[in-house]
Structure formats: structure tokens, C-alpha cells
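# Observations on the three-dimensional arrangement
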Amino acid sequence: MRQAAFYERPVRAVGRLWEDWAEHGGQLGLLVWSTAVAAVRLRISSREFVRQLYVMGVQSIPIVAVTSILTGIVTSQQGGYQFTATIPLYVLGSVTVTSVVLELAPVLTAVVLVGRVGARITAELGTMVVSEQIDAYRSLGRDPVIMLAAPRILAGLVVMPLLVGLSNIIGIFSGMVAAQLSLGLSFETFLYGARLFWHSWDLFYSFMKAVAFGFAIPVIAIHMGFRTTGGAEGVGRTTTASVMFQTLTVLILDALFPPLFLQ
């Protein structure tokens, strides 16, 4: 009996884990489906959608800009250090532009939005759940998905590509300025190297990442917010878990893009 109980515990643990993942997956699927239906039927709160565009987009510009400036400077300086006396410096333009557009701008912008937007959405909706405001919406005949979830998801889909485009521009320009100040590489030479190995697909690839991240971040944040229990302590616990799941999802999606789209 003891031996059977010993083997039974890990089996139960694995079963509970799979049950939790299935529950999360089902609820995420229902959330996405309800949002899609609301979008097709144009039943989304336009006021909330515009407000989320401002909160998620306009208010995120300063931190995204600072992150992009530092990203471009560090990429340019590190590349210049590696290329010194071994590779023509004009190649630095290609390396900086490609690194920023393909990887650094979309990923770092997504990480910034996880901390600034994803955590806020989870905490906001979680507080509404534990204070029974979501139940009040339902009692008044209002669907929380239409009023709260769908505007945030659609705003993320709109805002993220715009922020990534801004990050691309700022990162490339700051890298170009850093290359001139630290290495004496002229703008013309930098841009010559950038054009030499540039592919039009690179920009499209960057925006595809932005759309994927802009969809995943609010969906996970809303899902975790709606699952909040346990009062104020539960809000903090759920927000922490939400940020962790959002960050892991961004990194997993980023790892999946090269084998899917760059082969």
C-alpha cells in the first residue's frame, strides 16, 4: 500500500498540472472567441477602446523611446568593438539595423509593455473581480468581454505595431549617431552598410512579431485578471504570475518565429 501511494502522488500531481493547463487553455480560447465575435458584430465599447489606445500607446511612448535609444547605442558600440581591425566598419550599419529591426525592437518593446501595460490590466481587472464590480456588470446585463476585454485586446493589436515601428526608427538613428561619435563612421557609410544586406521582408517580419506580442500580452493579462481570487493579496499574487506568463510567452513566440518564417 505504501509503495502504491508513493507512485500515486506524482501521477496525481501530473494530472492536476494537465487539468490546470487545460482549464487555462479553454478559458483563453473562450476569451479570444468572444472578443472575435464582439469585433465582428461591432459591439465593442468605442469609448473604452479609444481610452486604451491612449493609455497603452501614447503613454508608453516615453519609456519605449528611452529603451530604443539605449538599445541602438549599445548595439552599435558592441558591434564596433567586435569589428575593429577585423571586419569593414560599414558592415556595422547592417548589423545594427538588422539586430534592431528583427529582434531587439519588437522583443524589448514587448517586455516594456508587459511591465507597464500587462501588469496594469491584470491588477485593474483583478481588483474589479475581488470587489465584485464584474458581477455588477453582469447583473446590469453588460458583458465584461464587450466592455472591458475586447477594447484592450484590439488596442494591443493596434498599438504594438506602431510602437515597434517607432522603436525601429529611434533605435536605428541612435545607433547611427553612436557609430559616428564613437567610431567616426559617417552616416553615409552606415547607411551604405545597412542597404547592402537589407531585405524588405525584415520589416514585415518585425511587424508580424509586433502583432503576435500585441495580441498575447493583453489576452493573458485579461485572462489572469478575470481569474483573480483572494482579495488584495490575491491581486498581487495573480499580477506577479501574469507578468511571468506574459514574459515567457513573448520569449517562446520569439523563439518560434525564426524556424517558422526565416527558413
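Scroll up a little and you will see the structure.
Predicted model, so just to flag it, every value in this text is computed and none were measured. Note that residues are indexed from 1 along each chain, following the sequence as it is written. Since the coordinates come from a predicted model, pLDDT governs what is reported: local features require at least 70, and pairs of side-chain atoms require 80 or more to be given and counted, while whole-chain, interface and lining totals use all residues. Each side-chain value is derived from all of the structure's non-hydrogen atoms; neither hydrogens nor water enter the calculation.

### Describing a nonpolar patch on the surface
Using the following cut-off: What goes into a patch is any residue over 30% in relative accessible area without a salt bridge, connected to like charges within 9 Å or, for nonpolar side chains (Val, Leu, Ile, Met, Phe, Trp, Tyr), within 5 Å. In short, Shrake-Rupley with a 1.4 Å probe defines the accessible areas, and a residue's cover is counted only from the protein chains shown. For this document, the term salt bridge refers to a Lys or Arg side-chain nitrogen within 4 Å of an Asp or Glu carboxyl oxygen. Under the DSSP-based scheme used, a helix requires at least four consecutive residues in state H or I and a strand at least two consecutive residues in state E, with every element numbered from the N terminus.
Among the surface-exposed residues, Trp201, Phe204, Met244, Leu248, Ile252, Leu256, Leu260 and Phe261 lie close enough to one another that they form a single nonpolar patch of about 780 Å² accessible area. Elements that contribute at least two residues to the nonpolar patch include exactly α8 (200–226) and α9 (231–261).

### Some details on the pattern of salt bridges
Filter applied, for reference: Each residue is placed in one exposure class: buried if its accessible area under a 1.4 Å probe, protein chains only, is under 20% of its type's maximum, exposed if it is over 50%, and partly exposed if it falls in between.
For the structure on display, the rule yields nine salt bridges. Its salt-bridge partner being Arg120, residue Glu124 comes within 3.0 Å of it at the nearest N-O pair. Of the two residues, Glu124 and Arg120 are both situated in helix α4 (residues 91–130); the distance of four residues between them amounts to about one turn of the helix. When the shortest N-O distance is used, the salt bridge between Asp254 and Lys209 registers 2.5 Å. On the criterion of sequence distance, the pair formed by Asp254 in helix α9 and Lys209 in helix α8 is long-range, its members being 45 residues apart. Comparing Asp254 with Lys209, the two get one shared label, buried. One connected set of salt bridges, linked through shared partners, spans Glu48, Arg51, Arg120, Glu124 and Arg152.

### Quick word on the packing of aromatic side chains
Short version of the rule: Any two rings among Phe, Tyr and Trp, with Trp reduced to its six-membered ring, count as a pair given centres within 6.5 Å; such a pair is stacked if its planes are under 30 degrees apart, edge-to-face if over 60, and tilted if neither.
Summed over the entire model, instances satisfying the criterion amount to three aromatic pairs. Centroid distance Tyr90 to Tyr192: 5.4 Å. Interplanar angle 65°. Geometry classified as edge-to-face. A residue pair is termed long-range when its members are at least 10 positions apart, and Tyr90 in the loop between α3 (61–83) and α4 and Tyr192 in helix α7 (residues 187–196) qualify at 102 residues. With relative accessibility at 42%, the residue Tyr192 sits in the partly exposed group.

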